[in-house]
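Report on the structure
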Amino acid sequence: FQGLTHLEMKNLADARRALEAAIQLAPDYAKAHNALGNVYRRTGDIDLAIEAFTKAAELEPRVAEYAYNIGISRLDINHVPEAIDALKSAARYAPKDADIQTELAAAFMRNKAYHDAVQVLEDFVKRCPDDDRAVEIKVRISKLKKKIEDEQAAAEAPPPPPVA
């Protein structure tokens, strides 16, 4: 499959041409749409990337990678609520994928939904205590909990006295 070979070699222009041709021949081939989305994303064509990833996800809705790619592309253009939706979908199909779980938590943090981020990370550590990244994720959880506590304390603190 020439498009993937060009993509692996970072020859993005040739990869794009080959993948577009492959899609013309096999429009229901989800992997080609996903690969083309990766080309578009790498060249900064985020809207086209999202279209390609979405087509791949429509063709094969249970493939977590496609929803993940939609999510991170939406984060690229700061469409955080839509990114969260896509990353939640990816997380449902790949609950043990550390990259998906940490990106979902990061999206929640960008949306200031810190409790949701903590929950995603804690759930992952419970599911995958032996994962190589579990210790790193536990540290992130501790930092997030501290941030939540600090923000709560700041919100509860009395306002400073007026300056005379």
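It should be noted that the structure appears before, not after, this text.
What you see is a predicted model; the values in this text were computed from it and never measured.

About the criteria used
- Residues numbered from 1 in each chain as written.
- Predicted model: local features only at pLDDT ≥ 70, side-chain atom pairs only at ≥ 80, totals over all residues.
- Heavy atoms only, no water.
- Core = buried A, V, L, I, M, F, W, Y, C linked by side-chain atoms within 4.5 Å.
- Buried < 20%, exposed > 50% of the residue type's maximum accessible area, 1.4 Å probe, protein only.
- Helix = DSSP H or I, 4+ residues; strand = E, 2+ residues; numbered from the N terminus.
- Contact = heavy atoms within 4.5 Å.

Of all hydrophobic cores here, the largest spans 31 residues; its most connected members are Ile100, Leu104 and Phe108. Within the residue set of this core, elements represented by two or more residues are α5 (64–76), α6 (80–93), α7 (98–110), α8 (114–127) and α9 (134–156). A total of seven residues in this core trace back to one element, the largest contributor, which is α8. For Ile100, the residues in contact, after removing those within four places along its chain, are Ala64, Tyr68, Leu87, Ala90, Ala91 and Ala94. In terms of nonpolar packing, the next biggest core, distinct from the first, is built from 18 residues, Leu19, Ala32, Leu36 and Ala49 among them.

So, on to unusual backbone geometry. We note that Asn78 has phi near 60 degrees; this positive angle belongs to a residue other than glycine. Examined against the element boundaries, Asn78 turns out to sit in the loop between α5 and α6. Positive phi outside glycine occurs at Lys112, with the angle close to 60 degrees. Within the secondary structure, Lys112 sits in the loop between α7 and α8. The class for Lys112 is exposed, based on a relative accessible area of 60%.

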